[in-house]
Amino acid sequence: MSEGTMQRRAQREQRDQRAKRLNRVLVCAAAVPVMLVAAGCSSDSGSGDSTDKAAKAAASASASPSPTVEAAAYGKLPEPCKVLSKKTLKDLVPEGKSGKEGKSDDISTRGNCSWNSLDNNGVKGSQFRWLNVSMLRFESDVARGPADKLAQEYFEKQVQDAQATEGAKSTKSEPVPGTGDEATAVRYELKKKEGTFKQQTVVARVENVVVTIDYNGAGLAGDKSPSADDLTKDATKAAKEAVAAVSEANGAGGGKASGAPSKSPSDAASKDASDEPSGGASKSPSKKPASKS
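An account of the accompanying structure is given in this report. Just so it is clear, the model here is predicted, and its values are computed rather than measured.

## Thoughts on the overall build of the chain
Turning to step 1, where the next piece is worked out: Looking only at helices and strands, the chain has four helices and seven strands in total.
Turning to step 2, where the next piece is worked out: Along the chain direction, N to C, the helices and strands of the chain fall in the order α-α-β-β-β-α-β-β-β-β-α.
Turning to step 3, where the next piece is worked out: Counting every position in the chain, which comprises 293 residues, the buried fraction comes to 37%.
Turning to step 4, where the next piece is worked out: Restricting the contact set of the chain to residue pairs at least 6 apart, pairs at least 24 apart contribute 64%.
Turning to step 5, where the next piece is worked out: Entry remark: accessible area of the chain is about 16,900 Å², with carbon and sulfur atoms responsible for 52%.

Encoded structure:
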């Protein structure tokens, strides 16, 4: 083979090798956009899925109902010094004058009124009577529960407090039928330097309102003590009138005024950490009977 032929063959081989290298570069360059497009599609697909999931979650959250609680049955209270008839006041506090209304930061949720009576019989002694009516109305609360349930819890606490009065003797408790949804009478004796006071506390609940009647009597300066049975009868009468007044003030003059019980309170609510609503009612003044005036 001549030198010229060998040189031409070498040149052809060099051209073939350059062509192969160029072909490989072109193939690789063409593959890069395909990979980028594939990666881009994959990224877009994931982003779309996340967006769809977030949208579905938001729609589901907006569709979920907000927590609700049954509205309170009663929205107001009667004037505390007007819940008892003149006849009842004459029977319970015969020498009493106009009632003394207690202070309240909201008369639609709490109120009370008290009366004193001293029947002075001179050397034969005297008869003392003290009467107090208090009312507390509860509102429904999503966190604490329905109003009637809150009222029931407070009713139970009031009864327990009366039963646990410090220094009380001969304590007795009994249900009072035909008075709102539930009612209990607690009676006991308290010995004071003026004499022995016979205390009657009647606690009643009608719907979302709790009524407490405190009534005590004593024979002073040598007069005989009043009958506990008579005092309990009088206090019960006052409680029935007060419950009726609450119902009538809310336009429910039929059922509750006549003592018809309402449906049982809901069991859905849990008790709040506190036993009373914000700015709760003070303890019953019956635990410290009024002194002789």
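## Here's the deal with the packing of aromatic side chains
Turning to step 1, where the next piece is worked out: If you walk through the whole model with that rule in mind, you get two aromatic pairs.
Turning to step 2, where the next piece is worked out: Where Phe 128 meets Phe 197, the ring centres are 6.0 Å apart and the plane angle is 80°; that geometry is what we call edge-to-face. Pair noted here: Phe 128 is in strand β3 (residues 126-137) and Phe 197 is in strand β6 (residues 195-206), with a separation of 69 residues, a long-range link.
Turning to step 3, where the next piece is worked out: Judged by centre distance (5.6 Å) and plane angle (55°), the ring pair of Phe 138 and Tyr 154 falls under tilted. A residue pair is termed long-range when its members are at least 10 positions apart, and Phe 138 in the loop between β3 and α3 (147-163) and Tyr 154 in helix α3 qualify at 16 residues.
Turning to step 4, where the next piece is worked out: Residue classification places Tyr 154 among the buried residues on the basis of a relative accessible area of 3%.

## Brief notes about helix α4 (residues 228-249)
Turning to step 1, where the next piece is worked out: For α4, with 22 residues, the first-to-last C-alpha span of 31 Å sits near the 32 Å given by 1.5 Å per residue.
Turning to step 2, where the next piece is worked out: Those residues of α4 lying buried are Leu 231, Thr 232, Ala 235, Thr 236, Ala 238, Ala 239, Ala 242, Val 243, Ala 244, Ala 245, Val 246 and Ser 247.
Turning to step 3, where the next piece is worked out: Those residues of α4 that are buried lie in contact with α2 (86-92), β3, β4 (169-175), β5 (182-192), β6 and β7 (209-220).
Turning to step 4, where the next piece is worked out: A distance of 3.3 Å separates the backbone nitrogen of Asp 229 from a side-chain oxygen at the start of α4, and that oxygen is part of Ser 227.
Turning to step 5, where the next piece is worked out: Backbone geometry just after α4 places Gly 251 at a positive phi near 75°.

## Section: the side chain of Thr 236
Turning to step 1, where the next piece is worked out: If you trace the backbone, Thr 236 turns up in helix α4.
Turning to step 2, where the next piece is worked out: With relative accessibility at 16%, the residue Thr 236 sits in the buried group.
Turning to step 3, where the next piece is worked out: Not counting residues up to four positions away in its chain, the partners in contact with Thr 236 are Val 176 and Val 202.

## Comments concerning the pairing of strand β2 (residues 110-120)
Turning to step 1, where the next piece is worked out: Alignment of strand β1 (residues 100-101) against β2, held across two bridges, turns out to be antiparallel. Note that in β2 the partner of Glu 101 across the bridge is Cys 113.
Turning to step 2, where the next piece is worked out: Hairpin connection of β2 to β3: five residues between the antiparallel strands, including Gly 122 at a positive phi of 65°.

## Here's the deal with the environment of Ala 252
Turning to step 1, where the next piece is worked out: On the secondary structure map, Ala 252 appears in the segment after α4.
Turning to step 2, where the next piece is worked out: Given the relative accessible area of 22%, Ala 252 is considered partly exposed.
Turning to step 3, where the next piece is worked out: Separated by 178 residues in the primary sequence, Ala 252 and Tyr 74 have C-alpha atoms spaced 9.1 Å apart.

## Considerations on the state of the cysteines
Turning to step 1, where the next piece is worked out: This structure, assessed with the given rule, holds one disulfide.
Turning to step 2, where the next piece is worked out: Put simply, Cys 81 and Cys 113 are joined by a disulfide, and their sulfur atoms are 2.0 Å apart. Negative torsions about the S-S bond denote left-handed disulfides, and the value of about 95° found for Cys 81 with Cys 113 makes this one right-handed. Of this pair, Cys 81 sits in the loop between α1 (3-63) and α2 while Cys 113 sits in strand β2; the two residues are 32 residues apart in sequence, bridging distant segments of the chain.

## What to know about the side chain of Gln 158
Turning to step 1, where the next piece is worked out: Secondary-structure assignment places Gln 158 in helix α3.
Turning to step 2, where the next piece is worked out: Filtering out sequence-adjacent residues up to four positions away, Gln 158 remains in contact with Val 203 and Thr 212.

## Brief notes about the pattern of salt bridges
Turning to step 1, where the next piece is worked out: Counted according to the given criterion, the structure contains nine salt bridges.
Turning to step 2, where the next piece is worked out: Lys 87 is paired through a salt bridge with Asp 91; the nearest N and O atoms lie 3.3 Å apart. Placement of both Lys 87 and Asp 91 in helix α2 is noted, with a separation of four residues, approximately one turn of the helix.
Turning to step 3, where the next piece is worked out: Arg 205 is the partner of Glu 182 in a salt bridge, and the nearest nitrogen-oxygen pair spans 2.7 Å. Here Glu 182 is found in strand β5, whereas its partner Arg 205 is found in strand β6, with 23 residues between them in sequence.
Turning to step 4, where the next piece is worked out: Shared partners join several salt bridges into a network, and the residues in it are Lys 87, Asp 91 and Lys 237.

Rules used throughout
- Residues numbered from 1 in each chain as written.
- Predicted model: local features only at pLDDT ≥ 70, side-chain atom pairs only at ≥ 80, totals over all residues.
- Heavy atoms only, no water.
- Helix = DSSP H or I, 4+ residues; strand = E, 2+ residues; numbered from the N terminus.
- Buried < 20%, exposed > 50% of the residue type's maximum accessible area, 1.4 Å probe, protein only.
- Contact = heavy atoms within 4.5 Å.
- Areas by Shrake-Rupley, 256 points an atom, 1.4 Å probe, with all protein chains shown as cover.
- Phe/Tyr/Trp six-rings, centres within 6.5 Å; stacked < 30°, edge-to-face > 60°.
- Expected span 1.5 Å × (residues − 1).
- Polar contact = N/O pair within 3.5 Å; in protein donor to acceptor, adjacent residues only side chain to side chain.
- Pairing = 2+ DSSP bridges.
- Disulfide = S-S within 2.5 Å.
- Salt bridge = Lys/Arg side-chain N within 4 Å of Asp/Glu carboxyl O.

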